[in-house]
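Secondary and tertiary structure notes
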Amino acid sequence: MKDNSPWTRRKFVEIGAVAGTGLLAGCTGGSDSSGDGEDGNGSSGDGEDGNGSSGDGEDGTNRFNAVIGRPLPEVQFNPFNIQNYGQTISMYLNVSLADGHADGTVQSRFLEDISTDGREMTMSIPEGWTYWNGDEITAEDLYTGFEIQRYQNYDSTNYESHEIVDDYTVKRTFKSRVTPTLMQASLVGDSFVHPELFSEYLEQYEDAGSADERDSVTEELIQYTISAEDYIDGGYGTGVYRPTEWNNARLDAELVEDHPMAESTDVPGVRIYAVGGESEAMARNNTLDRAYAHPNDTWMEGTDLEIESTINWFRAQKFILNWNNEHLANLNVRRAVMAIMPLDAMSAAANEAGYNAEPTQLQTGLRESIHEEYLGEDFTDQLIEYPVASDSEAAAEYMRAADYTQEGGSWVSPEGEQVSFNILSRSNTGQALPTTAFSDALNRFGIETEVNAIGEDYYTTLQNWEFDMGWVWHVASALWHPTSYFSNDFYGVRVGDPEETEGTGETGIPLTTTIPSEVGSEEISGSGQEIRPAQLSNDLPASESTEEVRETTRTLAWWFNYSLPAIAYIQENQTRAMDTTNYEVVPDTQPPLDVSEPIMKGLFNGHIRENSS
Amino acid sequence: MSDSEGDTQSELEALFEPQGTVESLTRWERVKQQYDLYVRAPLKVAINDWRTVVGLGLLILFGLAGTVGVWFTAAPSSGQAPFLLGPFENWAYPLGTDVLGRPIHTQLIHATPAMFQMILGGAGLAIGLATVVGLLSGFLRDTVVDRVLMTIADVVITIPGLPLVMVLVAVFQPRNPYVVGVLLGLDAWPALARQIRSQVLSIREEHYVEASRIMGLRIWTILRRDLLGQLTPYIAINAALAARGIIFGSVGLYFIGVLPFNALNWGVMMNMAYASGALNETAKLHWLLWPMLTIFLLSVSFVLLSQGLDSVFNVRLRARHAQTAGEGDTSASKGEHDNA
Amino acid sequence: MNLNYLTRRLGQAVITFWATVTLTFALYHMMPGGPVESMQNIILQQVTTSGGSVDLEQIEQMVALYANIQPNDPVYVQYIDYWRQLLFEFSMGQSFSHQEPVTTLIAERVPWSMFVSVYSLVIGYTASILLGSAMAFKEKSRFDSIMSSIMVALQSTPYYIVALLLIYSVALRLGWFPTGGRVGTGVEAGFNLEFMTSVVHHAALPILSTSILGIAGAISLRGNAIRVLGEDYLRVAELRGLRPTRIATEYVGRNAILPMYTRFMIGIAGVLSSSVILEQIFSYPGMGLLMYNAINIRDYPLLMGTLIIFTSITIIGILIADLTYGYIDPRASGGGGTE
């Protein structure tokens, strides 16, 4: 993504894997619908079957039932080929190198140690861990994965080199200094690979002398697919559960008895259903042992399910304000929009559609749970507080400050133009309902709107930037870290080309802009502070120290708060239910399960056992 | 199709009988005769058939809702009423409200104009295209034009409608209701075109013999004179049925979320209600049921209208045939009706 | 049935097939955004569905590489190529979003959709024939007028509303039927009773909802039957002292039902058409759902494939109807004109 960043291109795709069932899957599951189903409608297949009788015990084993990912026959297992890569499923069928935790740390359940020193990070592999086929996991395996990834992103990667120190130790050297947390975070979602499958490609890369030659290796690599059958039969996985049978609807996996992670569990098998229209029905008829749930749900009473975990998830949702619109180019108009936006009502609407969301209280661009860590109370106390409920008086004041006048109920610009906006949103209930609440509030205030709600090809349309206000997620990677929120793309805060200093980005944000030097002041007094937000967000991941991360984050948060390039209207919580009658989470597991999708993570790392009481 | 009031039939048929001989009519009388034949009599038949009355009545109600209703009710706005009010709980919101506190009844009313625009666009296109193609094909029977047109019609009949429309929607991303209607109507014209064509052929057949034998009139003159009267039934009945098709198709596509939307729509209402779990939560059920009922009622009005019209025209056709074609010559074109 | 008629019918089918493929191909090239955008969309979709986060720039780069691999021939070459593959390799390309060729995906789904379609047609038309004749024989009776009203109601209810009502009542409230899927979990496929019952159990509601499409035929059958009943030869038959049942089946039944035969086959187009909505409601993994998903994520090869197969099924249905009509109704010796 950004040059000189440890966030290599490859990483960002894979990092998502940590997110548990992930952004979209999470929201559908939470959603109360059977028709909504983003994943059900989307690529993830159509939920073959799946209904009726419980999977438990029909073949004599007690299986833990859950719904995740796509059907095995539809995915492939070459992580370097993003097309149809079975991300979710790979994440659970293999031990992971490191996970992001809700407290902002990065920890590993597999590596013995991750130590950082200057530009170097050293990883120690525990001895005696094997693939399903019995081959031991060694430094070479990590090295192969890391190096292919480095070659694949040769020009953009921040990895200078990788080195096998000994059979169980690998060292990664970065091109520039990076803070320790972000060095470790580079492992999140990273995969190591069995050399049997990939060493050939690594050799070709090593032989390639020019960019063209590397490209042609990459072209070959991204056409290489590893079917589920080849992958599983070859025993190339490393996880606690190994699939034995599967079809388009589900897969059955058995506990690998001598796996080091299998010590504290006695759950002999899991049954994983592919995401589909039937997920909800299965949860309701007590087939599932882990399900999406909403705190208001009442249907769980009839089942063994109970809400087991709620975490302040990293995901938020926002409306991008397009400054190319002549009205939105005006700071006071943006603030009026902010004041009129009914965050509470929109959050309530999102909850009706199945999200477990809360309105954003303070516009910092970050999720509130990391304010303390990266901004501090002293700082957040100073920021401008915009109304959370729709406040037409405050909004009218902002409009008047911008020299707009109200004529016959509608707001008119000083040039005599009536204010009207087109709003781009998704047709899914979870977005369409909050958007309606927003648009209605604007209409009542005297601003005309035209809402366009479109379906699954949403992202393509979004990137035409032909909207005045456009909905999109707010978080670019599955990590509780400012880099996830201030990444320079539409999942974060898209500004523009960080190399440029003149002109504006796609949404009309000037690449060089001035904000008040004093945090919290609503206007620029004196010369102010000149910043280049695109460059700042580009530099953020390459910060050398935590203090530097904080510094840059504060500047960006202040800019976000002051200029409103977007409005983050809700932040989400992740609520998951588990069959607590039959299962329990092993207490005091280390590292703790404050990760995304804790129940699945726990299950596939041997931290869930049969309920003994 | 069916003639429900058998007893009144002969009486009604009498209405269609011309009152005097052709020669002695004054201009005024002729106008009056035409009026009787084309306006008064059909109306009388129509009024005597409950289907026409109910169908037309409903349709007028919908029409009023879509015009006057939109003027008299405020556009629904979220937060204007309590959330998820049940039906008949508060008479300011007789049908209840949705999760955003928008009254259901004003949502239904304000979605009506767009529905009629779709119907106009779709039925208009289907009928227009069918008429043009049917007439052309009929006149130019067995020419290249005829073959080509009929082949196209066959191809279109064969391609399943909704999948094709879905692809078209993906290509054009229509938001204008007329355009949505037109896309849906693209699939509806071939059957009617074929009927019109065979109708033209049978008129030609019928009159060719007669005309050349008796009056020596040019066939084109006769065709022109008879076409209007003979084809109106098909066009009217099929317009009503096409309207039903457009309603089904558009609501269905909005319901499954294939069509992009930017305004209130019954299908979108159903989609939102369904996706928010209306089937599982009693408190939300009315949000789904009212639009369903509305769609049903509008369709009923068109179906009843088409059946009512059919009986009106049946009576009239019988009368006309009796008069123009003489005894026992009525079977020639009759069979076609039932395909409507 | 003469040879001329046969060739004309076959020719018609061939032309229709050609037109469909060409139309589909043309639409494909009119789609906003080419295969590259489509692939980007699919990848975004898959990545966000399964994992969450994406490096857009990386995806663009990757997609560009994928695009390099795609043939970049002029349109007419691609067109000829598509035909070549279709005719000689029975291939419709590789799906963007699935790990399989389009033909494999479709072949797996077709039987299920056909199963639902054929049964709903058979049930719908049988019901309409029975009801229609009953109504005709009891013309103007109370039964007739009540049934006529019910028919109006059925004709005015879209099949997807029927589906929703059925799901609500018999599936969710009463729990008699599953709300979706096409076979119970854990049921092994094969010729065993459990599998077959499960399949029927799952297909029951989709079939019932779709069969409403055919039921409207009762009205026209009633019309046909009443007309036949009014014909002179029935009176003659009656005078000859033939038994009423014989008259009913041999004269009325035959003459009233025959016109519906071709319509039955054309009905397949309508039923298949409804599957894109119904299969989504019942999450029934058939052709309709495959197409629905394909259109949502712009999986163009799959989209083209499903549309072509949908049409081909109808073409075959109509062809069968045309070719067999002569045997069923000997009077129709080859049909007249191009009508």
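On a predicted model such as this, the values are computed, not experimentally measured, just so you know.

**Some points on the overall build of chain B**
The secondary structure content of chain B amounts to 12 helices and zero strands. The N-to-C order of helical and strand elements in chain B reads α-α-α-α-α-α-α-α-α-α-α-α. Out of the 340 residues in chain B, the part that is buried amounts to 57%. For chain B, long-range pairs separated by at least 24 residues make up 71% of all intrachain contacts whose partners lie at least 6 apart in sequence. When the accessible surface of chain B is totalled, it reaches about 14,000 Å², and 64% of it is carbon and sulfur.

**Regarding the overall build of chain C**
Regarding its fold elements, chain C presents 13 helices and zero strands. Taken over 339 residues, chain C has a buried fraction of 55%. If you sum the accessible surface of chain C, you get close to 14,000 Å²; carbon and sulfur atoms cover 67% of it.

**So, the pairing of strand β4 (residues 113-117) of chain A**
All names here are of chain A. Sheet topology note: the β4/strand β5 (residues 120-124) ladder contains five bridges and is antiparallel. Looking at the pairing, D113 lines up with S124 of β5. Taking the residues that link successive antiparallel strands as the turn, the β4-β5 hairpin has two residues, and the phi of G118 there is positive, at about 60°.

**Here we look at the sheet that holds strand β8 (residues 241-246) of chain A**
Residue and element names in this part refer to chain A. Spatial strand order, β1-β10-β9-β8: four strands in an open sheet with mixed pairing. What marks the edges here is a single partner per strand, and that holds for β1 (63-67) and β8. For this sheet, the mean inter-axis angle between neighbouring strands, taken without regard to orientation, is 25°. In the sheet, β1 pairs with strand β10 (residues 269-273) via five bridges, with the strands oriented parallel. In the strand pairing of β10, N65 is matched with R271.

**A few points about a negative patch on the surface**
All names here are of chain A. A cluster of acidic residues, D155, E200, E203, E206, D207, D212, E213, D215 and E220, forms a negative patch at the surface. Put simply, the parts of the chain that give the negative patch at least two residues each are α7 (195-207) and α8 (211-221). Here E206 falls in the partly exposed class, since its relative accessible area comes to 40%.

**Some remarks on the pattern of salt bridges**
Any two side chains of opposite charge can pair, on the condition that their charged atoms come close. Residue and element names in this part refer to chain A. In total, this model carries 27 salt bridges over all chains according to the counting rule given. Residue R271 pairs with D252 through a salt bridge whose shortest N-O separation is 2.6 Å. Pair noted here: R271 is in strand β10 and D252 is in strand β9 (residues 250-255), with a separation of 19 residues, a long-range link. Take R271 and D252: they sit in the same class, and that class is buried. It is possible to trace a salt-bridge network through shared partners that takes in R63, R250, D252, E254 and R271.

**Topic: the confidence of the model for chain B**
Residue and element names in this part refer to chain B. Considering every residue of chain B, the mean pLDDT works out to 78; 77% of them sit at 70 or more. Low pLDDT (under 50) marks residues 1-10, which in the prediction has 17 contacts with non-local residues, meaning those over four places away or in another chain. This stretch, residues 321-340, has a pLDDT under 50; its non-local contacts, to residues over four places away or in other chains, come to 33 contacts.

**With respect to the interface of chain B and chain C**
The interface is formed by 58 residues belonging to chain B together with 54 residues belonging to chain C. Where chain B meets chain C, there are zero salt bridges. Broken down by secondary-structure element, the contributors of at least two residues to the side of chain B that touches chain C are α5 (144-158), α6 (161-172), α8 (189-214), α9 (219-255), α10 (266-275) and α11 (282-325) of chain B. Top contributing element to the side of chain B that touches chain C by residue count: α11 of chain B, with 11 residues. Here the side of chain B that touches chain C is built from residues that sort into 35 nonpolar, 14 polar and nine charged.

**Details of the sheet that holds β4 of chain A**
Residues and elements named next belong to chain A. The strand order across the open sheet formed by four strands is β4-β5-β7-β6, and the pairing between neighbours is antiparallel. Single-partner strands in this sheet number two, and they are β4 and β6 (159-166). When the angles between neighbouring strand axes are averaged without regard to direction, this sheet yields 20°. Here β6 runs beside strand β7 (residues 169-174); their pairing, made up of six bridges, is antiparallel. Following the sheet pairing, S161 is matched in β7 by T173. Strand contacts of helix α5 (residues 139-152): β5, β6 and β7, with the helix running at about 170° to β6, the strand carrying the most contacts.

**As for the confidence of the model for chain C**
Regions with low pLDDT should not have their predicted coordinates read in detail. Residue and element names in this part refer to chain C. Looking at chain C, pLDDT values average 79 and 82% of them are 70 or higher. Helix α7 (residues 159-173) holds the highest mean pLDDT among the elements of chain C, 90, whereas helix α2 (residues 35-50) holds the lowest, 66. Listed scores for the predicted complex are pTM 0.83 and ipTM 0.85.

**Looking at unusual backbone geometry**
Residues and elements named next belong to chain A. Omega for the bond connecting Q590 with P591 falls within 30 degrees of zero, at -10°, which places this linkage in the cis form. Within the element layout of this structure, P591 appears in the loop between β22 (583-585) and α21 (598-604). Not every positive phi belongs to a glycine, and N286 is a case in point at roughly 70°. Among the structural elements, N286 can be located in the loop between α10 (279-284) and β11 (290-292). One non-glycine residue with positive phi stands out, namely D588, at about 55°. Here D588 lies in the loop between β22 and α21. Overall, the relative accessible area of 72% leaves D588 in the exposed class.

**Description of the environment of L442 of chain A**
Residues and elements named next belong to chain A. Locating L442 in the fold gives a position in helix α16 (residues 429-445). Judged by relative accessible area, which is 0%, L442 ranks as buried. L442 sits 368 residues away from E74 along the chain, and the two C-alpha atoms are 44 Å apart. Beyond its immediate stretch of four places on either side in the chain, L442 contacts V337, I340, I423, I447, T449 and M469.

**Overview of the UniProt feature "transmembrane region" (unreviewed entry) in chain B**
Residues and elements named next belong to chain B. The UniProt record annotates "transmembrane region" (unreviewed entry) at residues 53-74, 114-136, 148-172, 253-275 and 287-305. Helix makes up 91% of residues 53-74 and strand 0%, with an end-to-end C-alpha separation of 30 Å. With 100% helix and 0% strand, residues 114-136 has end C-alpha atoms that lie 32 Å from one another.

**Section: the UniProt feature "transmembrane region" (unreviewed entry) in chain C**
Residues and elements named next belong to chain C. In the numbering adopted here, UniProt assigns the feature "transmembrane region" (unreviewed entry) to residues 12-31, 118-137, 158-179, 199-221, 264-282 and 302-321. With 95% helix and 0% strand, the stretch residues 12-31 has end C-alpha atoms that lie 28 Å from each other. In residues 302-321, helix accounts for 100% and strand for 0%; the two terminal C-alpha atoms are 29 Å from one another.

Parameters and conventions
- Every chain is numbered on its own, with residues counted from 1 as its sequence reads.
- Chains carry letters from A onward and ligands carry numbers from 1 onward, assigned in written order.
- Side-chain atom pairs in this predicted model are given and counted only at pLDDT of 80 or more, local residue features only at pLDDT of at least 70, and totals for whole chains, interfaces and linings cover all residues.
- Side-chain numbers here rest on the full set of heavy atoms in the structure, without hydrogens or water.
- Strands are runs of DSSP state E lasting at least 2 residues, helices are runs of H or I lasting at least 4, and numbering of each runs from the N terminus.
- Relative accessibility under 20% of the residue-type maximum defines a buried residue, over 50% an exposed one, and the middle range a partly exposed one, all with a 1.4 Å probe and only protein chains included.
- Pairs of residues are marked as contacts when any of their non-hydrogen atoms sit within 4.5 Å.
- Working definition of accessibility: Shrake-Rupley area with a 1.4 Å probe, residue cover restricted to the visible protein chains.
- Note on pairing: DSSP must find at least two bridges between two strands before they are called paired.
- With axes taken as lines fitted to C-alpha atoms, and helix axes fitted only over the stretch in contact, angles between N-to-C directions fall between 0 and 180 degrees.
- A patch consists of residues exposed above 30% relative accessible area that lack any salt bridge, with like charges linked at up to 9 Å and nonpolar side chains (Val, Leu, Ile, Met, Phe, Trp, Tyr) linked at up to 5 Å.
- By salt bridge we mean one thing: a side-chain nitrogen of Lys or Arg within 4 Å of a carboxyl oxygen of Asp or Glu.
- As used throughout, the charge tally considers Lys and Arg to be positive and Asp and Glu to be negative, leaving His and the chain termini uncounted.
- Where a charge lies is defined by one atom per residue type, namely NZ (Lys), CZ (Arg), CG (Asp) and CD (Glu).
- pLDDT is a per-residue confidence score from the predictor, ranging from 0 to 100.
- When residues are sorted by character, Ala, Val, Leu, Ile, Met, Phe, Trp, Tyr, Cys and Pro go into the nonpolar class, Asp, Glu, Lys and Arg into the charged class, and all the rest, Gly among them, into the polar class.
- UniProt positions are given in the numbering used here, feature names are shortened, and annotations may be inferred rather than shown by experiment.

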